[in-house]
Amino acid sequence: MSIQRGVVSGFIGLGISIVASAALAQPGPCSGLPTWAALKSALQAAVGHAGNGGLGFNMWATVVAPDGTVCAVAFSGAQYTDQWLGSRIISAQKANTANAFSLSNGAPPPASLFPTGLALSTANLYSAVQPGGSLYGLQHSNPVDPDPAYKGPAFLFGTAQDPIVGDRVGGVNVFGGGLGLYASGGKRVGGVGVSGDTSCTDHMVAWRVRNALQLDHLGTLGVVPGADPQHPDNIIFDILPTADGGLLNPVGTLSKSTHGFGHPTCVNNPDLTTLPAVSS
C-alpha cells in the first residue's frame, strides 16, 4: 500500500513539475515590447521636440502589455523629482485606458462600423464622459489598484526596477496622453501613457514616443470621427460654442464637440501639423 502511495505521489509530483515548467516556458506579457532603455530614450527625444506646446516640463511614460501588465516606466529628467510625482501613476492609467479601449485590425465583427479595428486615444474619450455624454462615468469604471501603485521605495520610481513593473495598476484616464500600441498589420500589442505637462502636450509627446518605438502601425484601422487616416486616433479640437445645450466651459458658456470625440485646447496649445503620420 505504501509503495502504491509512493508511486501515485511521484506521478502527481511529476505532473505538477511538468505543468509548472510549461507555464514558465510561456512568453511573458511584455515579450516583444520596448525595454526600459528604449522607452526612456524615446521619451527624452519626444519631450525636447518642437511643436509640443505646453509648459516645457519633464514627463513620465509607461508602457503596458495587452493584458494591462506594466512593462516599463521612465522619466525624462535627471531624477524622479524632476517631474510631477503624481504623473507617474497617471501615465500608467493612460496606458491602461488606451490599451483597454482599442481594438486590433479584424477584431470587430465584419458588420461593425469599424471592421478593421479602432484605436481610441485617451484624448478621444473626453467629451463622451462628461455629464450627459454616452460614456459618462467611464472614468470610474476601472479604478487604480493602490497596492501596486504606491508600493516600494521612491528612489526606484522610473527606473528599470520600478515597483509597478510586472503588476496591473489599472485605472481609466480621459484626457490626452494615452495611445494604443500597434504592430505591423494593425495588431494591438499594448498601450503607452505620458503625463507631466498639459494634457494636450502629453498627447503630443505620447504620439512621438509611439512613433519612435515603431509601434504606430494604425494605417489599416478605422478613423475616429473628426481625425484623418494619417492620424486616426489623434487629439481633436472641435469643441465649439452652442446655444442648444452642451458642456459648460471655463468661461461660463455652453459648448459641444462637433464629432463627439473632442478635447479642449490647452495653455500654449500644440501644433498638430508637426506630428508624423502613422505607419501602414
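Here, the structure is the one placed above.
Reading guide: rules and limits
Residues numbered from 1 in each chain as written. Predicted model: local features only at pLDDT ≥ 70, side-chain atom pairs only at ≥ 80, totals over all residues. Heavy atoms only, no water. Helix = DSSP H or I, 4+ residues; strand = E, 2+ residues; numbered from the N terminus. Pairing = 2+ DSSP bridges. Axes fitted to C-alpha atoms, helices over the stretch in contact; angles between N-to-C directions. Contact = heavy atoms within 4.5 Å. Patch = residues over 30% accessible without salt bridge, like charges linked within 9 Å, V, L, I, M, F, W, Y side chains within 5 Å. Areas by Shrake-Rupley, 256 points an atom, 1.4 Å probe, with all protein chains shown as cover. Salt bridge = Lys/Arg side-chain N within 4 Å of Asp/Glu carboxyl O. Buried < 20%, exposed > 50% of the residue type's maximum accessible area, 1.4 Å probe, protein only. Disulfide = S-S within 2.5 Å. Expected span 1.5 Å × (residues − 1).

A few words on the environment of A38. By secondary structure assignment, the location of A38 is in helix α2 (residues 36–47). Each C-alpha atom, one on A38 and one on V209, is 9.7 Å from the other, the two residues being 171 residues apart in sequence.

What follows deals with the sheet that holds strand β4 (residues 187–195). Strand order across the open sheet formed by 4 strands is β2-β1-β4-β3, with antiparallel pairing between neighbours. Since the sheet does not close on itself, it has two edges, and those belong to β2 (70–75) and β3 (178–183), each with one partner. Looking at each pair of strands side by side, their axes are set apart by 20° on average, direction ignored. As judged from the 5 bridges shared by strand β1 (residues 60–64) and β4, these two strands associate in the antiparallel manner. Paired with A61 across the bridge in β4 is V194. Contacts between helix α5 (residues 199–212) and the sheet are confined to β3 and β4, with β4 contributing the most and set at about 140° to the helix.

A surface patch of nonpolar side chains, about 390 Å² in accessible area, is lined by L55, F57, W84 and V267. Within the fold, W84 resides in the loop between β2 and α3 (87–100). Taking relative accessible area as the criterion, W84 reaches 43% and is therefore assigned partly exposed.

Before going further, it helps to examine the state of the cysteines. A complete count under the given rule lists 2 disulfides for this structure. Each disulfide pairs two cysteine sulfurs, and for C30 the partner residue is C71, the sulfurs being separated by 2.1 Å. Handedness here is read from the sign of the S-S torsion; for C30 and C71, about -90°, the answer is left-handed. Residue C30 is found in the loop between α1 (2–25) and α2, and its partner C71 is found in strand β2; the two are separated by 41 residues along the sequence. Residue C30 is classed as partly exposed on the basis of its relative accessible area, which comes to 26%. C200 shares a disulfide with C266; S-S distance 2.0 Å. Disulfide C200-C266: the torsion about the S-S bond is 75°, which places it as right-handed. Note that C200 is positioned in helix α5 and C266 in the segment after β7 (254–257), a separation of 66 residues in sequence. In this structure, C200 and C266 share a single accessibility class: buried. Indicated for the protein chain is the disulfide connectivity 1-2, 3-4, based on numbering the bonded cysteines in sequence order.

Here the focus is α5. In an α-helix, one turn spans 3.6 residues, which is why side chains three or four residues apart end up on the same side. Over its 14 residues, α5 runs 20 Å from end to end, which matches the ideal 20 Å to within 8%, given 1.5 Å per residue. For α5, the full list of buried residues reads S199, C200, T201, D202, H203, M204, V205, A206, W207, R208, V209 and R210. Elements that come into contact with the buried residues of α5 comprise α2, α3, β3 and β4.

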